[in-house]
Amino acid sequence: MLKGLLTLHPFTPVIWCRTRQGIGALTLALMGLLTSMPASAQTILVFGDSLSSAHNMPEDKGWVHLLQQRLGNEDKVINASISGETTSGGLARLPRTLKQTDPDIVLLELGGNDGLRGLPPRQINDRLDQMIQMIRDYPAKVGILGIMIPPNYGPQYSDAFKNIYPELAEKYGLPLKPFILDNIAFNDDLMQKDGIHPNAAAQPTVLDNVWSVVDQLLSLPPLKTDD
């Protein structure tokens, strides 16, 4: 996605441009056909639980803050994540949060606390489904950040829970990271003593895990239209 200031080299038909991947050059077939239409900045709402709320660490160490740093001033990141949040609580506060923050993109990271309480996977799925519909109707783009349940809950429950996120992503055609703690959860050096939450050293890896979802959503045009 092309963003930023475009400047034409005075001697060659090349545009140097700033993209999210770095500095690149686009060769023009005809110099006279240059039109520059930088994309507007987008507001990203992170709507999750303790995995996104910088649990037990300074806020500026959390992956959401690191996301804002990676994006620079191009886009605005708002963190509306609350430690201990469930899909029930998230569903209840989502309408007001959407109205208050007016996002273009929502990263939905909920369900882990429901799973730890052993709530029925179908119930968790239904609440997440309602939130996805609410966000899309707002309208805003949605990305899903999934989580897995420890194996001591038994394979039947763990598998049913794990399948919630890909099923919803497939249903609505949404970008998905199935496991936000990929390459973290089984590394004691990257986990807090509770064995559930990633520590500060893990936060850059969490950001890397979710980046593909963020990048896909930023590459899509905003759903809002100017009236």
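Notes on the structure in this doc start here. Bear in mind that the values here come from a model prediction, so they are computed numbers and not experimental data.

1. Remarks on empty space enclosed by the protein
Under the definition given, this model contains 1 cavity of 30 Å³ or more. Each pocket or cavity is described by its volume, and for the largest cavity that value is around 40 Å³. Of the residues assigned to the lining of the largest cavity, the class counts are 4 nonpolar, 5 polar and no charged.

2. Considerations on the environment of Ser 81
Mapping Ser 81 onto the fold places it in the loop between strand 5 (76-79) and helix 2 (87-101). Along the chain, Ser 81 and Ser 50 lie 31 residues apart, while their C-alpha atoms are 6.9 Å from each other. Not counting residues within four places of it along the chain, the set of residues in contact with Ser 81 comprises Val 46, Phe 47, Gly 48, Asp 49, Ser 52, Ser 53 and Arg 93. At 2.8 Å, the side chain of Ser 81 and the side chain of Asn 79 are in polar contact.

3. Considerations on the packing of aromatic side chains
Taken as a whole, this structure holds 2 aromatic pairs when the rule is applied. Seen in terms of ring centroids, Phe 161 and Tyr 165 are 5.8 Å apart; in terms of plane orientation they differ by 75°. Their pairing is edge-to-face. Given a relative accessible area of 0%, Phe 161 falls into the buried group. A relative accessible area of 1% places Tyr 165 in the buried class. The ring of Trp 211 has Arg 70 lying over it, and the distance from NZ or CZ to the ring centre is 5.0 Å.

4. Section: the pattern of salt bridges
Evaluated as defined, the whole model comprises 6 salt bridges. With its nearest N and O atoms 2.8 Å apart, the salt bridge here joins Asp 208 to Arg 70. Taken together, the positions of Asp 208 in helix 7 (residues 203-219) and Arg 70 in helix 1 (residues 63-71) put the pair 138 residues apart, joining distant regions of the chain. Residue Asp 114 is joined to Arg 127 by a salt bridge in which the shortest nitrogen-to-oxygen separation is 3.8 Å.

5. Description of the nonpolar core
Within the largest apolar cluster, 55 residues are counted, with the highest numbers of intra-cluster contacts made by Trp 63, Leu 67, Leu 107, Leu 128, Ile 180 and Leu 181. Considering each element in turn, this core owes the most residues, 8 residues, to helix 7. Among all residues touching Trp 63, those that are not within four sequence positions of it are Val 46, Leu 51, Ser 52, Leu 107, Leu 145, Ile 180, Gln 203, Val 206, Leu 207 and Val 210.

6. A word on the environment of Asp 126
With respect to the helices and strands, Asp 126 occurs in helix 4 (residues 121-137). Remark: the alpha-carbon pair of Asp 126 and Thr 87, spanning 39 residues in sequence, is separated by 9.3 Å.

Conventions adopted
- Each chain has its residues counted from 1, running along the sequence as written.
- Only residues with pLDDT of at least 70 get local features here, since the model is predicted, and only at 80 or more are side-chain atom pairs given and counted; chain-wide, interface and lining totals rely on the full set of residues.
- Derived side-chain values reflect all non-hydrogen atoms in the structure, with water molecules and hydrogen atoms excluded from consideration.
- Detection works on a 1 Å grid of protein atoms alone, calling trapped sets that fit a 1.4 Å probe cavities and calling open sets with protein on both sides within 12 Å along at least five of seven lines pockets, with lining residues defined by an atom within 4 Å of a point.
- Grid points are joined across faces, edges and corners, and a volume is the space filled by probe spheres set on the points.
- Note on residue classes: Ala, Val, Leu, Ile, Met, Phe, Trp, Tyr, Cys and Pro are nonpolar, Asp, Glu, Lys and Arg are charged, and everything else, Gly too, is polar.
- Only DSSP runs of H or I covering at least 4 residues are called helices, and only runs of E covering at least 2 are called strands; the numbering of each starts at the N terminus.
- Residue contacts follow a heavy-atom distance rule, with two residues in contact if any of their heavy atoms lie within 4.5 Å.
- The term polar contact refers here to a pair of N or O atoms within 3.5 Å; inside protein, the definition further demands a hydrogen-donor-capable atom paired with an acceptor-capable atom, and it admits residues adjacent in sequence only when both atoms are side-chain atoms.
- The aromatic pairing rule takes the rings of Phe, Tyr and Trp, using the six-membered ring of Trp, and pairs them if the centres are within 6.5 Å, calling planes under 30 degrees apart stacked, those over 60 edge-to-face and the rest tilted.
- The rule is simple: take the accessible area with a 1.4 Å probe, protein chains only, and divide by the maximum for that residue type; under 20% is buried, over 50% is exposed, in between is partly exposed.
- Look at NZ for Lys and CZ for Arg. If either is within 6 Å of the ring centre and within 35 degrees of the ring normal, a charge sits over the ring.
- For this analysis, a salt bridge means a side-chain nitrogen from Lys or Arg found within 4 Å of a carboxyl oxygen belonging to Asp or Glu.
- Here, nonpolar core refers to any group of buried Ala, Val, Leu, Ile, Met, Phe, Trp, Tyr and Cys residues whose side-chain atoms link them within 4.5 Å.

Don't take any of this as a statement about function, it's just geometry.
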